[in-house]
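One letter stands for each residue in the lines below.
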Amino acid sequence: MKNLLLKYINIYIYFIFFIFGYFVANLMGYTMLDDGWRHLSMAFNQDQLKSWGDVFIHSLYNEYDPWFMWHKLLYTIGLLVSEQYVHVIVNSFVYGALSSWFFIVFNRYSEFHKYLIIFFSLFLPIICVRYFSLRPDILSGLFLLYFMLIKRKSLIILISILYIPFYYVFWFYFGYLGILKLFLKKYKDFILLFVLGVIGLIFHLSYDFNGYIDITKNILNNDFLLQGHSVQESRPFLISMEIKNSLGSNFLLIFLLILSYLIYNVFKPKNKIIELIILFMPLIFLQLRFYTLLYPLILVLILNLLHKFYTLIYEHNLNYAISYIINLIKEKSYFGNINKKWLKIISISIIILVILLSFTNKIISYKKYQKEINNLNFIIEDEFKNKRILYTIMDTSLYVSIYKNPTSKYIPSCSLGWIDYKNQNYKNTYFNLLTNSENITQKEFFDFVDFNKIEIIIISRLSNNLVINNENITKIGYKFHKLYKNYLIFIKK
């Protein structure tokens, strides 16, 4: 009976994952904290928004929309299920895909019981927050995770062809995976990736040759455009910004690749998960965006290590230090000797409880987030339409505003924006606003506002880098409009 049940589960488990993913996606509601809102706005406001240049003042992207296929996909989903339900469909697919990935990996590379594997597969995806942002880069994460598991060439070709149109910097991931294939001496896979990469370049260049060339140049000049600054996801993981700035992103990546290659060849890991962690180590440390995309792999490693740790305690009592601690507990505990059966039950129960608490906490936080979204309903009023609006901090407020009021232009834009700035002082003020990192004087702020012909200033109470005197802001031609929730709003007279 037990074997029959397991066989039944193996047949239908993937279907169950996607159904459960749909249930969780409904439960979560809106999950996009940043760019997902502007992607949603771009998909459903093509009359007003043909590129980021129509959204952000001084945008890097000008008239070119590098995510045109992703926006077409979101729009198509909206036609089928309504615009307000697009995030649920996308998130349910992503949740199901992550659950399936966890299930495959734990089955192949762990010794957990089948039912525990199913539990992990059902509840771990929600911890991978980055995957529920409605950004096209979530496809990059899924592509990386699945690519290293697939052995059949036909499936590699299939997922590559499906991925390429939706992300314009696919070539970076293809190049990285190509290097890994050279590390592993899988030269046929390298050649296959190279051919698929050429096909991808032809596709994107045929859509907009000049636009694609320009955006690629700017991506390759990322360090120059950022000028030593970093905005959230572009920060390195566990490496200081000073090191990244002194070495440069390209040199740092090359250094990490060499280090990864040396570690791989010295230790020659037999464990597949550890092997993948070593191979992806350069990406994980290079930027937080890659760390968050590869976080599912790290979760699997942590759980496998915990299982090994438990097994050592269970079978061998680990080593002297652990033995001493366990013996101390046995001698001093009011509960007497630790029974091995109960040790197993308690260990697994703790892991399950932690995962369930994390799952519940995420659901609660997303529910609270829905209220924050509603706090921005003022932005849809007529007086805010077709305006040039400045937020004193770049957070969810700005992103949601782009969706609720796509007729206006906004500032600040993004970490790679403002390439047309000639005045370094304005650029510094922009970056300080963007990162909320340094104090900005009133004069710098007012000059910045005047230069960009701002019509509405929205000051968030979360802003801690700006002090504005009401009398002075009145002198430069603005009047207090309203205090709404957490927002202090001034409008040009």
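Residues numbered from 1 in each chain as written. Predicted model: local features only at pLDDT ≥ 70, side-chain atom pairs only at ≥ 80, totals over all residues. Heavy atoms only, no water.

Along the chain, Phe-23 falls in helix H1 (residues 2-28). The class for Phe-23 is partly exposed, based on a relative accessible area of 46%. Sequence separation between Phe-23 and Val-88 is 65 residues, and the spatial gap between their C-alpha atoms is 9.1 Å. (Helix = DSSP H or I, 4+ residues; strand = E, 2+ residues; numbered from the N terminus. Buried < 20%, exposed > 50% of the residue type's maximum accessible area, 1.4 Å probe, protein only.)

A full pass over the atoms with the stated rule returns 10 salt bridges. Among the ionic pairs, Lys-181 bridges to Asp-189, the shortest N-O distance being 3.3 Å. When its relative accessible area of 4% is taken as the criterion, Lys-181 is described as buried. The shortest N-O distance in the salt bridge between Glu-275 and Lys-272 comes to 3.1 Å. In this pair, Glu-275 and Lys-272 both sit in helix H14 (residues 272-286), three residues apart, roughly one turn of the helix. By relative accessible area, which is 21% here, Lys-272 ends up partly exposed. Several salt bridges share partner residues, and in doing so they unite Asp-34, Asp-35, Arg-38 and Arg-135 into one network. (Salt bridge = Lys/Arg side-chain N within 4 Å of Asp/Glu carboxyl O.)

Before going further, it helps to spend a moment on the packing of helix H6 (residues 137-147) against helix H7 (residues 153-163). In contact at an axis separation of 11 Å, H6 and H7 are set at 170 degrees when each is read in the N-to-C sense. In terms of orientation, H6 lies roughly antiparallel with respect to H7. Residue-level contacts link Leu-139, Ser-140, Phe-143 and Phe-147 of H6 to Ile-156, Ile-159, Ser-160 and Tyr-163 of H7. A breakdown of the residues in the contact of H6 with H7 according to their chemical character gives six nonpolar, two polar and no charged. (Axes fitted to C-alpha atoms, helices over the stretch in contact; angles between N-to-C directions. Parallel < 35°, antiparallel > 145°, perpendicular 65-115°, else oblique. Contact = heavy atoms within 4.5 Å. Nonpolar A, V, L, I, M, F, W, Y, C, P; charged D, E, K, R; others polar.)

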